[in-house]
Amino acid sequence: MEKFAFMIHPLDISDMSRKFNFAKYLPGKLVEKAIRCLPAMKVSHITGVASAFNEAEGWFVACPLTARQMIELPEKYVIKRIIAAGRVAERLGAKILGLGAFTSVVGDAGITVANNLNISVTTGNSFTVATAIQGAKKAAELMGHNFQNSNIVIIGATGSIGKVCTQYLAREVKNLTLVARDIYKLEGLANKILYDYGLAVRVTSNVNKALRNADVIIAVTSAVDTIIGPEDLKPGAVICDVSRPRNVSRQVAEQRDDVLVIEGGVVEVPSEVEFNLDFGFPKGTAYACMAETMILALERRYESYTLGRELTLKQVEEIERLAEKHGFKVAGFRSFERAISNEEIKNIRNRANIKAAKQCSVNKINSSKKSLTK
């Protein structure tokens, strides 16, 4: 039987209550201090991973640091803690280790970790790109958008995931806007896209400006805090939030019932898998980065498949083929940790159409008033 492991960590202190119930009763700062004293550990045994070609078992191993700690603590210290969790995976017998959430972005995105372990390491970002785009396309279609002609915005476009998303979509769409902090990197990426694919893309470092007219948004930044609020979005917008922690504020769900937010990279595992850990997903589903680790194990591809800041379309397309071979596919949509049905999406679309029509009427009235006063 093939063997793998996947590394997790608490995104924030509230996640600690999933493993340690008493944590919910303690002050946040105290819990965060206590986390640093915890050693790397095995969290659960994963069983029942199977396809028509092979079977595998695995383990969740934990690096007990929150997302904010991974960003704010000294990089060498954080990487040392990640390596320690990787050694737990080695001792369990895993032959490949997937890096989850912020363990995949700290430092050099897994390269140093892989160099210090005796097993293969992958960030899972190749399959994350594939499933994010698949999910965004399907969601856009359900919301009534023609994906090819939609105004598509990629936030975090110069990051490793963002660049490949840009390359992938440049072959298929007509209107693409790239957003990142560094305008010089954006301009360099835009020039490459024009040269390679013949598509002239728009670039900006102003997130709010880019979102104003976006039909479909793919958010792939490594920001610790949310950057998309309810006031940023037009009616009918589709947001595929790949980032963890999420880029979309929970206020969007509370205040905007006319936009659709989906979690990128949610995958159905093709077997009676038992994760033996509640990470907020419906039974039998997982993040795409987890799925990539399972796929590689089932394929006996014990290699460091996705590492570092540079992804390639070739990697993305290959892992798509392997996923199809072993029966992994994009699952039904989720939004803010809950499943969302097609009927709910239909209702969101209807509300968006009504709101857009009202806005159009108001704009016409205002335009007429301006004409009369001239």
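All values reported here derive from a predicted model rather than from experimental measurement.

Novice: Looking at this structure, I do not really get the pattern of salt bridges. What am I missing?
Specialist: Pairs may arise between side chains of opposite charge once their charged atoms sit close together. Tallying each qualifying case throughout the model produces 17 salt bridges. Lys163 is the partner of Glu310 in a salt bridge, and the nearest nitrogen-oxygen pair spans 3.1 Å. Placement of Glu310 in the loop between helix 11 (288–298) and helix 12 (313–326) and of Lys163 in helix 7 (residues 160–170) is noted, with a sequence separation of 147 residues between them. According to the relative accessible area criterion, Glu310 is exposed, its value standing at 53%. Across the pair Arg171 and Glu317 runs a salt bridge, and its minimum N-O distance is 2.7 Å. Highlighted residues: Arg171 in the loop between helix 7 and strand 7 (175–179) and Glu317 in helix 12, separated in sequence by 146 residues. Looking at Arg171, the relative accessible area reads 39%, which means it is partly exposed. A relative accessible area of 26% means that Glu317 is categorised as partly exposed. Connected through shared salt-bridge partners, Arg256, Asp258 and Lys355 make up one network.

Novice: Mind showing me how you'd approach the pairing of strand 2 (residues 41–50) here?
Specialist: Along a regular strand, successive side chains alternate from one face of the sheet to the other. Pairing between strand 2 and strand 3 (residues 55–62): seven bridges, direction antiparallel. Across the sheet, the residue bridging to Ile46 is Gly58, located in strand 3. Where strand 2 hands over to strand 3, the hairpin turn is made up of four residues, counted between the paired strands.

Novice: Is there a simple way to think about the sheet that holds strand 12 (residues 266–268) in this case?
Specialist: Hydrogen bonds between backbone groups are what pair the strands of a sheet, and the pairing can be parallel or antiparallel. Read from one edge of the open sheet, three strands run 13-12-14, paired in antiparallel fashion. Two strands bound the open sheet, and with one partner strand each, they are strand 13 (285–287) and strand 14 (329–330). Pairing analysis gives two bridges linking strand 12 to strand 14, with the strands arranged antiparallel. Its bridge partner being in strand 14, Val267 is matched across the sheet by Val330.

Novice: What's the story with the pairing of strand 9 (residues 216–219) in this structure? I'm lost.
Specialist: Of the two faces of strand 9, the one carrying Val216 and Ile218 and the one carrying Ile217 and Ala219 are both buried. Relative to strand 9, strand 6 (residues 151–155) runs parallel, the two sharing four bridges. For Ile154, the partnering residue across the bridge sits in strand 9 and is Ile218. Relative to strand 10 (residues 238–241), strand 9 runs parallel, the two being bridged by four bridges.

Novice: Could you clarify how one ought to interpret the packing of aromatic side chains in this entry?
Specialist: The description of an aromatic ring pair uses the distance of the two centres, along with the angle that the planes make with each other. Under the criterion given, the structure shown has three aromatic pairs. Here Phe6 and Phe60 contribute two aromatic rings whose centre-to-centre distance is 6.3 Å and whose plane-to-plane angle is 80°, an arrangement assigned as edge-to-face. Taken together, the positions of Phe6 in strand 1 (residues 2–8) and Phe60 in strand 3 put the pair 54 residues apart, joining distant regions of the chain. By relative accessible area, which is 3% here, Phe6 ends up buried. With a relative accessible area of 1%, Phe60 lands in the buried category. On the basis of an interplanar angle of 55° and a centroid distance of 4.5 Å, the ring pair of Phe281 and Tyr287 is categorised as tilted. These aromatic residues form a ring-pair network of at least three members: Phe6, Phe60 and Phe275. Over the ring of Tyr168 we find Arg171, and its NZ or CZ is 4.7 Å from the ring centre. Its end group placed over the ring of Phe53, Lys325 keeps NZ or CZ at 5.0 Å from the ring centre.

Novice: Would you explain the side chain of Asp258 in this entry?
Specialist: With respect to the element layout, Asp258 can be found in the loop between helix 10 (250–255) and strand 11 (260–263). Using a relative accessible area of 2% as the deciding quantity, one classes Asp258 as buried. Among the polar contacts made by the side chain of Asp258, one reaches the side chain of Arg256 at a distance of 2.8 Å. If near-sequence neighbours (up to four positions away) are discounted, Asp258 is found in contact with Met143, Pro235, Gly236, Ala237, Ile348, Arg351, Ala352 and Lys355.

Novice: It is not clear to me how the sheet that holds strand 8 (residues 202–204) should be interpreted in this structure. Could you clarify?
Specialist: Overall, parallel pairing links the six strands, which are arranged 8-7-6-9-10-11 in an open sheet. For this open sheet the edge positions go to strand 8 and strand 11, each flanked by a neighbour on one side alone. Strand-to-strand twist of the sheet, defined as the mean angle between neighbouring strand axes without regard to direction, takes the value 20°. Strand contacts of helix 7: strand 6, strand 7 and strand 9, with the helix running at about 160° to strand 6, the strand carrying the most contacts. Across the sheet, helix 8 (residues 183–197) touches strand 7 and strand 8, and the angle it forms with strand 8 is around 170°.

Conventions and cut-offs
- Residues numbered from 1 in each chain as written.
- Predicted model: local features only at pLDDT ≥ 70, side-chain atom pairs only at ≥ 80, totals over all residues.
- Heavy atoms only, no water.
- Salt bridge = Lys/Arg side-chain N within 4 Å of Asp/Glu carboxyl O.
- Helix = DSSP H or I, 4+ residues; strand = E, 2+ residues; numbered from the N terminus.
- Buried < 20%, exposed > 50% of the residue type's maximum accessible area, 1.4 Å probe, protein only.
- Pairing = 2+ DSSP bridges.
- Phe/Tyr/Trp six-rings, centres within 6.5 Å; stacked < 30°, edge-to-face > 60°.
- Lys NZ or Arg CZ within 6 Å of the ring centre and 35° of its normal.
- Polar contact = N/O pair within 3.5 Å; in protein donor to acceptor, adjacent residues only side chain to side chain.
- Contact = heavy atoms within 4.5 Å.
- Axes fitted to C-alpha atoms, helices over the stretch in contact; angles between N-to-C directions.

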